[in-house]
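Structure at a glance
Listed below, chain by chain, are the residues.
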Amino acid sequence: MSDKKKGTVLQFVRLKTTLSEEDLLKVAHEREPQFQAIPGIVQKYYVKLDAPGEFGGVYIWDSHESLNEFRQSELAATIGKAYQVVEPPTVEIIDILFELRD
C-alpha cells in the first residue's frame with residue numbers, strides 16, 4: 001500500500017501500574033464510553049501481560065491519521081494518571097498488511 005495514511009494500523013501500548021487487575025478493569029469500564037466515541041478506532045483489546053502489574057492495550061485504527069488525532073487528545077493524555085502508570089509506557093505502531101476476516 002503506497003499511502004500509509006489509508007491503511008489499518010495496530011497500536012500496542014504496554015504499561016506498568018500499581019493497580020490490581022480488578023481496579024484496572026474498573027477504570028477501563030468507567031472510561032469505555034469515551035473510547036467507544038473515538039472516531040477511527042476499530043477495536044481495542046485490554047490485555048494482561050506476564051509480569052506482575054503489567055497490562056496493555058491493543059488498538060486497531062482505521063488509519064494513521066485517526067491514530068495521530070487520538071494521540072493528541074485529552075483522553076490519550078490522561079491514560080497515565082487514570083491507570084496509575086509507574087514508568088513511561090512502551091508504544092509500538094504496526095502497519096497491518098492483511099486481514100484474515102473483514
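This report concerns the structure included in the present document. What you see is a predicted model, and the numbers here were worked out from it, not measured in a lab. (Residues numbered from 1 in each chain as written. Predicted model: local features only at pLDDT ≥ 70, side-chain atom pairs only at ≥ 80, totals over all residues. Heavy atoms only, no water.)

Of the pairings in the sheet, the one linking strand β1 (residues 9–16) to strand β3 (residues 54–61) comprises 8 bridges and is antiparallel in character. Its bridge partner being in β3, Arg-14 is matched across the sheet by Gly-56. The sheet contact formed by β1 and strand β4 (residues 90–95) spans 6 bridges and is antiparallel. Among the inter-strand pairings, Gln-11 is bridged to a residue of β4, identified as Ile-93. (Pairing = 2+ DSSP bridges. Helix = DSSP H or I, 4+ residues; strand = E, 2+ residues; numbered from the N terminus.)

Moving on, we get to the pattern of salt bridges. Scanning the model with the defined rule gives 2 salt bridges in all. The shortest N-O distance in the salt bridge between Glu-54 and Arg-14 comes to 3.3 Å. With Glu-54 in strand β3 and Arg-14 in strand β1, this pair connects stretches of sequence that are 40 residues apart. For Glu-54, a relative accessible area of 16% corresponds to the buried category. A relative accessible area of 34% means that Arg-14 is categorised as partly exposed. Lys-48 is the partner of Glu-21 in a salt bridge, and the nearest nitrogen-oxygen pair spans 2.9 Å. Of this pair, Glu-21 sits in helix α1 (residues 21–36) while Lys-48 sits in strand β2 (residues 41–48), and the two are 27 residues apart along the sequence. (Salt bridge = Lys/Arg side-chain N within 4 Å of Asp/Glu carboxyl O. Buried < 20%, exposed > 50% of the residue type's maximum accessible area, 1.4 Å probe, protein only.)

Attention now goes to the sheet that holds β3. Judged by pairing direction, the sheet is antiparallel, and its 4 strands sit side by side in the order β2-β3-β1-β4 without closing on themselves. Among the strands making up the open sheet, the edge pair consists of β2 and β4. Averaged over neighbouring strand pairs, the angle between their axes works out to 15° when direction is ignored. Looking at chain direction, β2 and β3 are connected through 7 bridges and run antiparallel. When the bridges of β3 are listed, Ile-41 appears paired with Trp-61. (Axes fitted to C-alpha atoms, helices over the stretch in contact; angles between N-to-C directions.)

Positive phi outside glycine occurs at Gln-84, with the angle close to 50°. Inspection of the secondary structure puts Gln-84 in the loop between α4 (79–82) and β4.

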